[in-house]
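Observations on chain architecture
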Amino acid sequence: MPTRRLMPDVIKNQELTCLPPDATVRDAATLMAEKRIAAVLVTEGRTLKGIVTERDMTARVVAAGLDPDTTRLSAVMTADPDTLEPSATALAALDLMERHHYRHLPIAVGGEVVGMVSIRDLFAVVRTHLEDELRSREAYMFGTGYSAEATLG
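Below you will find a few notes about this structure. (Residues numbered from 1 in each chain as written. Predicted model: local features only at pLDDT ≥ 70, side-chain atom pairs only at ≥ 80, totals over all residues. Heavy atoms only, no water.)

Topic: the overall build of the protein
Within the protein one finds 7 helices and 6 strands. By the compact-globule yardstick of 15 Å for 153 residues, the protein is too spread out, its C-alpha radius of gyration being 20 Å. By its C-alpha atoms, the protein is 65 × 35 × 25 Å across when sized along the principal axes. Of all 153 residues assigned to the protein, the portion counted as buried reaches 33%. Of the roughly 9,400 Å² of accessible surface on the protein, a fraction of 52% belongs to carbon and sulfur atoms. Placing the 17 positive and 22 negative side-chain charges of the protein at their respective mean positions leaves the two points 2 Å apart. (Helix = DSSP H or I, 4+ residues; strand = E, 2+ residues; numbered from the N terminus. Rg over C-alpha atoms; globule rule 2.2 N^0.38 Å. Buried < 20%, exposed > 50% of the residue type's maximum accessible area, 1.4 Å probe, protein only. Areas by Shrake-Rupley, 256 points an atom, 1.4 Å probe, with all protein chains shown as cover. Lys, Arg positive; Asp, Glu negative; His and termini not counted. Charge placed at Lys NZ, Arg CZ, Asp CG, Glu CD.)

What follows is the structure, given as structure tokens:
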């Protein structure tokens, strides 16, 4: 896992879900529901301005009693979010996300958004890495071709 890069090792061929800062919270919620996603990038062109997540909508809109039909994303987004470059490692992303309690992290180059990594994406990488490590250790300890299933049969 330490050498896995965010792009293309963790995410590839990703369709970005973006809205402009003047879109409404309702626009974002509708788009997120349609696409079954939990975050939307707020952009002007390809330039990243912010990110809006389900958590943001809960805390900054619903709990604050704001109207989702009139509240603009620019009023509730996390502006200028932390980003990583595509060449960053999965471990670097996991570390940053854990330290700051993020579940979504934009990937950008020179202020232009090129992707977004989620904690689920990283969990899949960690799981694959652990499974590979386990297979490797079993092969080392018990010899190539060892299988727990073969000893049970």
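After presenting the structure, the write-up continues.
Comments concerning the pattern of salt bridges
Following the criterion strictly, the structure yields 5 salt bridges and no others. We note a salt bridge from Lys35 to Glu15, for which the minimum N-O separation is 2.7 Å. Here Lys35 is found in helix H2 (residues 25–35), whereas its partner Glu15 is found in the loop between helix H1 (6–10) and strand S1 (18–19), with 20 residues between them in sequence. Note on Lys35: relative accessible area 35%, which makes it partly exposed. A salt bridge links Arg26 to Asp69, with the nearest nitrogen and oxygen atoms 2.7 Å apart. Of the two residues, Arg26 sits in helix H2 while Asp69 sits in the loop between helix H3 (54–62) and helix H4 (73–76), which places them 43 residues apart along the sequence. Among the residues examined, Asp69 registers a relative accessible area of 43% and is labelled partly exposed. (Salt bridge = Lys/Arg side-chain N within 4 Å of Asp/Glu carboxyl O.)

Quick look at the packing of H2 against H3
Each pair of packed helices can be summarised by the angle the axes make with each other and by the distance between the axes. The interhelical angle for the contact between H2 and H3, taken along N-to-C directions, is 145 degrees, at an axis separation of 11 Å. Two packed elements cross with a definite hand, and for H2 against H3 that hand is left-handed. Taking contact as the criterion, the partners of Val25, Ala28, Ala29 and Met32 in H2 are, on H3, Glu54, Met57 and Val61. Residue composition of the contact of H2 with H3, by class: 6 nonpolar, no polar and 1 charged. (Axes fitted to C-alpha atoms, helices over the stretch in contact; angles between N-to-C directions. Left-handed = near helix turned anticlockwise from the far one by under 90°. Contact = heavy atoms within 4.5 Å. Nonpolar A, V, L, I, M, F, W, Y, C, P; charged D, E, K, R; others polar.)

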